[in-house]
Amino acid sequence: MTSRNQQLFEKSQKFIPGGVNSPVRAFRSVGGTPIFFKRGLGSKLWDEDGKEYTDYIGSWGPMILGHAHPEVIKTVQEVAVNSLSFGAPTARELDMAEMVSKLVPSMEQLRLVSSGTEATMSAIRVARGFTGRSKIVKFEGCYHGHADALLVKAGSGLLTFGTPSSAGVPSEVAAHTLTLNYNDIPGLETLFKEIGNEIACVIVEPIAGNMNLITPSKGFLEALREQCTKHGAVLIFDEVMTGFRVALGGAQALYNVKPDLTTLGKVIGGGLPVGAFGGRADIMQCLAPVGPVYQAGTLSGNPVAVAAGMKTLELIQAPGFHEKLTASAKRLVDGLSHAAKEAGILFSAQSVGGMFGLYFSEKVPTSFDEVMQSDKEAFNRFFHAMLDAGFYLAPSAFEAGFISAAHSDADIDATIAAAKKVFSEMKARK
Ligand SMILES: *Cc1c(COP(=O)(O)O)cnc(C)c1O
């Protein structure tokens, strides 16, 4: 008998390309049938067949409080009865902007949008408008949403133009995007020395979470700050994933490096569609209606989405919230590392705040090239065995993991115990 999951997936492929509304959900990297979820509560999820899972994706980051947090749900219900949208200013948007600016002080002014993609796309436009320059710099393995200018991979050399990483992106658009290696300070310095006065902005994930988890090496973020300041380029920290998750003030608070612009998404909406971009007031004043850079959104600052986000941001300011989240993630990665070592499996892991990375490699990777060398087959075996046992990890060796405040020590210890069994089975089969 085929499961309801399987039936749904088969039918979905008829009406939705690949059966999914975002490609990573399709399990292409690990194989098998994606799980269709019906319900979530705290750290747990239930699929269409009624199977229970402990969730380590958290909707790819937003669910930092766990699923269906009673206070967030109550707020959404209360606000929804007063209309779902006005397309006009509301007091709540002001409260949200003020709160975000207080939590992330480099964001003197900000605009709310409805996704991370919109936030990065808009930040790049305002950086170009402010500087009057066209070229942008990004890093291999960083993901900044799916705007044309950002779906670009490196050319053959440092100064060669980027090439589109997706069909449908004109090469003329990609030509303005230069791609460097993450953590490559000499490469960065060389590029700026050659064409620093043509660069509008550098956009970076201050902790990379879209090529598994890669942390910035010592001095990398400082070097970005120094080169951008020296050459009049705008430094954009894409904190869509790290914002409010690695620390209350994001990666910029953790590493004490101040960007000119910051982009936010995921946690800021608490599970509803909210993004934001903001930073130096002199740059943000370039936006219409005060300045010449156009940017807009029918549902920007949506009252229900903003209410969910605000309540989430309010709750994560509880004393000790991030300390506990950090300790939970560390308990998980330490336990998994220990279990793998005991079983004799080549494995490493690390965590920052409520994000973690698991690697089937001897050492924690520091670049895209290194992460690509990890044992993908071993990951896929681990992923499927854990899924069968009721632990929902990201379906790719190249995605970070997420933990929520709802994950108890018992949840984590059960995960480690399951992994221990899987590791020894993997070893036995070798
Ligand atoms: C998820 C993500 C985005 C894109 O956000 P969407 O809301 O999916 O459009 C951009 N940048 C980073 C760093 C992300 O992790």
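Residues numbered from 1 in each chain as written. Predicted model: local features only at pLDDT ≥ 70, side-chain atom pairs only at ≥ 80, totals over all residues. Heavy atoms only, no water.

- As recorded in an unreviewed UniProt entry, the protein goes by Glutamate-1-semialdehyde 2,1-aminomutase and comes from Candidatus Methylopumilus turicensis.
- The Pathway (unreviewed entry) field of the UniProt record for the protein holds the comment "Porphyrin-containing compound metabolism; protoporphyrin-IX biosynthesis; 5-aminolevulinate from L-glutamyl-tRNA(Glu): step 2/2."
- The annotation that UniProt attaches to the protein under Sequence similarities (unreviewed entry) is "Belongs to the class-III pyridoxal-phosphate-dependent aminotransferase family. HemL subfamily." (UniProt positions renumbered as here; feature names shortened; annotations may be inferred.)

1. Digging into the side chain of Ser122
Here's step 1: Position of Ser122 relative to the elements: it lies in helix 4 (residues 116-131).
Here's step 2: A residue is classified by how much of its surface remains accessible, and Ser122, at 3% relative accessible area, is buried.
Here's step 3: With residues near it in sequence (within four places) discarded, Ser122 still touches Phe277 and Gln295. (Helix = DSSP H or I, 4+ residues; strand = E, 2+ residues; numbered from the N terminus. Buried < 20%, exposed > 50% of the residue type's maximum accessible area, 1.4 Å probe, protein only. Contact = heavy atoms within 4.5 Å.)

2. Some words on the pairing of strand 1 (residues 37-41)
Here's step 1: In this structure, strand 1 lies alongside strand 2 (residues 44-47), joined through four bridges in antiparallel fashion. By the bridge assignment, Phe37 is partnered in strand 2 with Asp47.
Here's step 2: Taking the residues that link successive antiparallel strands as the turn, the strand 1-strand 2 hairpin has two residues, and the phi of Gly42 there is positive, at about 60 degrees. (Pairing = 2+ DSSP bridges.)

3. A few points about the domain arrangement of the protein
Here's step 1: If you check the domain split of the protein, you get domain 1 (4-64 + 319-429) and domain 2 (70-315).
Here's step 2: Each of domain 1 and domain 2 has a C-alpha centre, and these two points are 26 Å apart.
Here's step 3: Facing the 29 residues of domain 1 at the interface are 26 residues of domain 2.
Here's step 4: Buried surface at the junction of domain 1 and domain 2, summed over both partners, amounts to about 2,200 Å²; 63% is from carbon and sulfur atoms.
Here's step 5: When residues of domain 1 are sorted by the area they lose upon contact with domain 2, Val352, Met355 and Phe368 head the list and together hold 26% of the total.
Here's step 6: If you look at where domain 1 meets domain 2, you find zero salt bridges.
Here's step 7: At the boundary of domain 1 with domain 2, the tally comes to ten residue pairs in polar contact (both at pLDDT 80 or more).
Here's step 8: Listed by contribution, the elements that provide at least two residues to the side of domain 1 that touches domain 2 are helix 11 (321-343), strand 13 (348-352), strand 14 (355-359) and helix 12 (368-372). (Domains from an automatic or database assignment. Buried area = accessible area lost by both parts, 1.4 Å probe. Salt bridge = Lys/Arg side-chain N within 4 Å of Asp/Glu carboxyl O. Polar contact = N/O pair within 3.5 Å; in protein donor to acceptor, adjacent residues only side chain to side chain.)

4. Let's talk about the site of the ligand
Here's step 1: Lining the immediate surroundings of the ligand are Ser115, Gly116, Thr117, Tyr143, His144, Gly145, Glu205, Asn210, Asp238, Val240, Met241 and Lys266.
Here's step 2: Within the backbone of Tyr143, an N or O atom sits 3.3 Å from a nitrogen atom of the ligand.
Here's step 3: Notes on the ligand: free accessible area 380 Å², of which the protein chains cover 83%.
Here's step 4: Split by residue class, the shell around the ligand holds three nonpolar, six polar and three charged. (Near = heavy atom within 4 Å. Areas by Shrake-Rupley, 256 points an atom, 1.4 Å probe, with all protein chains shown as cover. Nonpolar A, V, L, I, M, F, W, Y, C, P; charged D, E, K, R; others polar.)

5. With respect to the environment of Thr242
Here's step 1: Here Thr242 lies in the loop between strand 10 (234-238) and helix 8 (250-255).
Here's step 2: Taking C-alpha positions, Thr242 is 8.5 Å from Ala208, a pair spaced 34 residues apart along the chain.
Here's step 3: Once residues within four sequence positions are removed from consideration, Thr242 is found in contact with Pro206, Ile207, Gly250, Ala251 and Met355.
Here's step 4: Engagement of the side chain of Thr242 in a polar contact is seen with the side chain of Glu239, the distance being 2.6 Å.

6. Observations regarding the packing of aromatic side chains
Here's step 1: As enumerated under the stated definition, the model contains 15 aromatic pairs in all.
Here's step 2: Between the aromatic rings of Tyr56 and Phe356, the centroid separation amounts to 5.9 Å while the plane-to-plane angle is 80 degrees, which identifies the pairing as edge-to-face. Here Tyr56, found in the loop between strand 3 (52-55) and helix 2 (70-80), pairs with Phe356, found in strand 14; they are 300 residues apart in sequence, far enough to count as distant.
Here's step 3: Under the relative-accessibility criterion, Phe356 is labelled buried at 2%.
Here's step 4: Cluster of aromatic residues (ring-pair linked, three or more members): Phe27, Phe347, Phe360, Phe379, Phe382, Phe383 and Phe423.
Here's step 5: The cationic tip of Arg39 hangs over the ring face of Trp46; the distance from NZ or CZ to the ring centre is 4.2 Å. (Phe/Tyr/Trp six-rings, centres within 6.5 Å; stacked < 30°, edge-to-face > 60°. Lys NZ or Arg CZ within 6 Å of the ring centre and 35° of its normal.)

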